[in-house]
Amino acid sequence: MNSSIFSPENSVWNFFSTLADLVLLNILFLITCIPLLTIGASITALYSVVMKISKNNDPHLLKNYYSAFKNNFRQSTIIWIILLLLGLILGLDLYLVNHFEFPTIFRYIFLILAFCLTCIISYIFPLQCKFINSIQQTFKNAFTVSIANLIPWTFLIVLLNITPILTLSSYPFSAYFLIPFMFLIGFSGIAYLNSKMFNRIFEKYISMIENDTI
């Protein structure tokens, strides 16, 4: 009976095993994000591992994380810097239209651009760890794949990604439990839930590549 409790087929054991993996991954992710410049490579490495875990594979966490971080460092870092600059420019634009007298149409245009940028940010690092492409092509794929899967997957992924920010901005007192949660398992947990959807989305593109139709 005791042996069945620790059997790989036991759902309770699998749950706690996955939970422990996500906590470890969250710690690895936060440590490798400390220089800030390495955030892009860290997100790519995080998704590289959680996408395997979410498909019930059993990757060697440290080895796979380090390998993905190292192999994607250059391209992921450039992508991260580009996204950061775009985000700062767009954030400044939104600040200006909200605090100065600009035609209302500009506010809607910048909000649409902000949503498009959020879609790209949500998809680009999972794509980076899954497919080999140039930086330009990865940006293009992140936009086109996110729009092609807008309903329901992209909306769900974006909503999941921004929920901690929305919660914190709407209910500042939530910081008392939200910040500890994010430091414990929040980043890897969100990536894990997203990976369930990304694996489903990417399957058809992988099949197209294998069949030489893309």
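The shown structure was predicted, so the numbers you read here are calculated from the model rather than taken from an experiment.

(A) Here's a closer look at the overall build of the protein. Along its length, the protein carries 9 helices and 0 strands. Listing every helix and strand of the protein by position from the N terminus yields α-α-α-α-α-α-α-α-α. For a compact globule of 214 residues, the expected C-alpha radius of gyration is about 17 Å, and the protein comes in at 19 Å, within 12% of that figure. Taken along its principal axes, the extent of the C-alpha atoms in the protein is 70 × 50 × 35 Å. Residues counted as buried form 38% of the 214 residues belonging to the protein. A separation of at least 24 residues holds for 72% of the contacts in the protein among residues at least 6 apart in sequence. Each charge class in the protein was averaged separately, 11 positive and 8 negative side chains, and the resulting centres sit 4 Å apart.

(B) Main features of the packing of aromatic side chains. Taken as a whole, this structure holds 10 aromatic pairs when the rule is applied. Taking 5.4 Å as the distance between ring centres and 45 degrees as the angle between the ring planes, the aromatic pair formed by Phe-29 and Phe-187 counts as tilted. Here the residue Phe-29 occupies a position in helix H2 (residues 11-33), and Phe-187 occupies one in helix H9 (residues 175-210), the gap between them amounting to 158 residues. Note on Phe-29: relative accessible area 6%, which makes it buried. Note on Phe-187: relative accessible area 33%, which makes it partly exposed. Members of the aromatic cluster, connected to one another through ring pairs, are Tyr-47, Tyr-123, Phe-131, Phe-198 and Phe-202.

(C) Fine view of a nonpolar patch on the surface. A grouping of Leu-92, Tyr-95, Leu-96, Phe-100, Phe-102, Ile-105, Phe-106, Tyr-108, Ile-109, Leu-111 and Leu-113 is seen on the molecular surface, where their side chains present a nonpolar patch of about 1100 Å² in accessible area. Secondary structure elements with two or more residues in the nonpolar patch: helix H5 (73-99) and helix H6 (104-130). The biggest single contributor to the nonpolar patch is H6, with 6 residues. Note that Tyr-95 resides in helix H5. Taking the relative accessible area as the measure of exposure, Tyr-95 reaches 46% and is therefore partly exposed.

The rules behind these values
Residues numbered from 1 in each chain as written. Predicted model: local features only at pLDDT ≥ 70, side-chain atom pairs only at ≥ 80, totals over all residues. Heavy atoms only, no water. Helix = DSSP H or I, 4+ residues; strand = E, 2+ residues; numbered from the N terminus. Rg over C-alpha atoms; globule rule 2.2 N^0.38 Å. Buried < 20%, exposed > 50% of the residue type's maximum accessible area, 1.4 Å probe, protein only. Contact = heavy atoms within 4.5 Å. Lys, Arg positive; Asp, Glu negative; His and termini not counted. Charge placed at Lys NZ, Arg CZ, Asp CG, Glu CD. Phe/Tyr/Trp six-rings, centres within 6.5 Å; stacked < 30°, edge-to-face > 60°. Patch = residues over 30% accessible without salt bridge, like charges linked within 9 Å, V, L, I, M, F, W, Y side chains within 5 Å. Areas by Shrake-Rupley, 256 points an atom, 1.4 Å probe, with all protein chains shown as cover. Salt bridge = Lys/Arg side-chain N within 4 Å of Asp/Glu carboxyl O.

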